Amino acid sequence: SAKKEAHDALAVLDNAHNERDSSSLALLSQALLRGGDLDDAVSTGRKAREHALKISGDRSHEAAWAQYCYGAALAAAGQASLAEQELRGALKSYALLFPPDGAHPRSAGARLALGSLLAQRGESHDEGMALMQQAVTMRDQFLGADDPRTIEARGVVARLQDRR
């Protein structure tokens, strides 16, 4: 089964200790999330973040990617406060890599995820909408208007545009 394969892959990664661990764990967290396995997605995302920060530090693509994947899993699991913290951490890592604002195409996912969390709350709606619009602009510029990820980002913005 797919769940057994994911757990087997996780066991291999747990036993291996190399610099790719955090990226592989983050990718596995995303796959588990897409498969609906929230608990394992969260725990695998946490391991990815811990490993990335330990090995690469917060000024790294690995940390940004792992924090984004962990934050997305937390958001899906309904842990909005922790998700916000991790997604802000991902954007901080991008800002350390690409001062002053971390404007890197891979930051679009974290911007969209954080923005969608914030836009659902009245007090942070405007900040959330701004982050999501940045994500749309980045995806449009780097992926094109017809890319499914750009279309997804536009859909999220449209759904949350008038919420307050």
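One structure accompanies this document, and this report is about it. Keep in mind that what you see is a predicted model, and the values were worked out from it rather than measured. (Residues numbered from 1 in each chain as written. Predicted model: local features only at pLDDT ≥ 70, side-chain atom pairs only at ≥ 80, totals over all residues. Heavy atoms only, no water.)

**Some words on the packing of helix H4 (residues 61-76) against helix H5 (residues 80-97)**
At a minimum axis distance of 8 Å, the contact between H4 and H5 shows a crossing angle of 160°. In terms of axis orientation, H4 runs roughly antiparallel to H5. With respect to the hand of their crossing, H4 and H5 are arranged in left-handed fashion. On the side of H4, the interface is formed by His 61, Ala 63, Ala 64, Trp 65, Gln 67, Tyr 68, Tyr 70, Gly 71, Ala 72, Leu 74 and Ala 75, while H5 contributes Leu 82, Ala 83, Glu 86, Leu 87, Gly 89, Ala 90, Ser 93, Tyr 94 and Leu 97. (Axes fitted to C-alpha atoms, helices over the stretch in contact; angles between N-to-C directions. Helix = DSSP H or I, 4+ residues; strand = E, 2+ residues; numbered from the N terminus. Parallel < 35°, antiparallel > 145°, perpendicular 65-115°, else oblique. Left-handed = near helix turned anticlockwise from the far one by under 90°. Contact = heavy atoms within 4.5 Å.)

**With respect to the side chain of Ser 60**
Take Ser 60: it is sitting in the loop between helix H3 (38-56) and H4. By relative accessible area, Ser 60 is classed as buried at 5%. At 2.8 Å, the side chain of Ser 60 and the backbone oxygen of Gly 57 are in polar contact. Contact partners of Ser 60, with chain neighbours within four places excluded, come to Ser 93 and Leu 97. (Buried < 20%, exposed > 50% of the residue type's maximum accessible area, 1.4 Å probe, protein only. Polar contact = N/O pair within 3.5 Å; in protein donor to acceptor, adjacent residues only side chain to side chain.)

**Quick word on the pattern of salt bridges**
Enumeration according to the criterion identifies 9 salt bridges in this entry. For the salt bridge of Glu 84 with Arg 121, the shortest nitrogen-to-oxygen distance reads 3.0 Å. Placement of Glu 84 in helix H5 and of Arg 121 in the loop between helix H6 (108-119) and helix H7 (125-143) is noted, with a sequence separation of 37 residues between them. Taking relative accessible area as the criterion, Glu 84 reaches 16% and is therefore assigned buried. One salt bridge in this structure joins Asp 140 and Arg 154, with 3.7 Å as the shortest N-O distance. Of this pair, Asp 140 sits in helix H7 while Arg 154 sits in helix H8 (residues 148-160); the two residues are 14 residues apart in sequence, bridging distant segments of the chain. Accessibility expressed as a relative area gives 31% for Asp 140, which makes it partly exposed. Through salt bridges with shared partners, a single network forms among Glu 84, Arg 88, Arg 121, Glu 123 and Glu 127. (Salt bridge = Lys/Arg side-chain N within 4 Å of Asp/Glu carboxyl O.)

**What to know about H4**
Spanning 16 residues, H4 covers 23 Å between terminal C-alpha atoms, matching the ideal 22 Å at 1.5 Å per step. H4 sits mainly inside the fold: 12 of its 16 residues count as buried. For H4, the full list of buried residues reads Ala 63, Ala 64, Trp 65, Ala 66, Gln 67, Tyr 68, Cys 69, Tyr 70, Gly 71, Ala 72, Ala 73 and Leu 74. If you follow the buried residues of H4, they end up packed against helix H2 (21-34), H3, H5 and H6. (Expected span 1.5 Å × (residues − 1).)

**Re the packing of H6 against H8**
Where H6 contacts H8, the two axes come as close as 10 Å, and the packing angle between them is 10°. By the angle between their axes, H6 is roughly parallel relative to H8. Along its contact with H6, which presents Leu 112, Ser 116 and Ala 119, the element H8 presents Glu 152, Ala 153, Val 156 and Leu 160. Its residues assigned to classes, the contact of H6 with H8 comprises 5 nonpolar, 1 polar and 1 charged. (Nonpolar A, V, L, I, M, F, W, Y, C, P; charged D, E, K, R; others polar.)

**With respect to the environment of Arg 49**
Secondary-structure assignment places Arg 49 in helix H3. The exposure class of Arg 49 is buried, given its relative accessible area of 18%. Distance in space between the C-alpha atoms of Arg 49 and Tyr 70 is 6.9 Å, their sequence separation being 21 residues.

**Notes on H2**
Side chains three or four residues apart in an α-helix point the same way, a direct result of the helix having 3.6 residues per turn. With 14 residues, H2 extends 20 Å from end C-alpha to end C-alpha; this agrees with the ideal 20 Å at 1.5 Å per step. For H2, the set of buried residues is Asp 21, Ser 22, Leu 25, Ala 26, Leu 28, Ser 29, Gln 30 and Leu 32. Directly after H2, the chain includes Gly 36, whose backbone phi takes a positive value near 85°.

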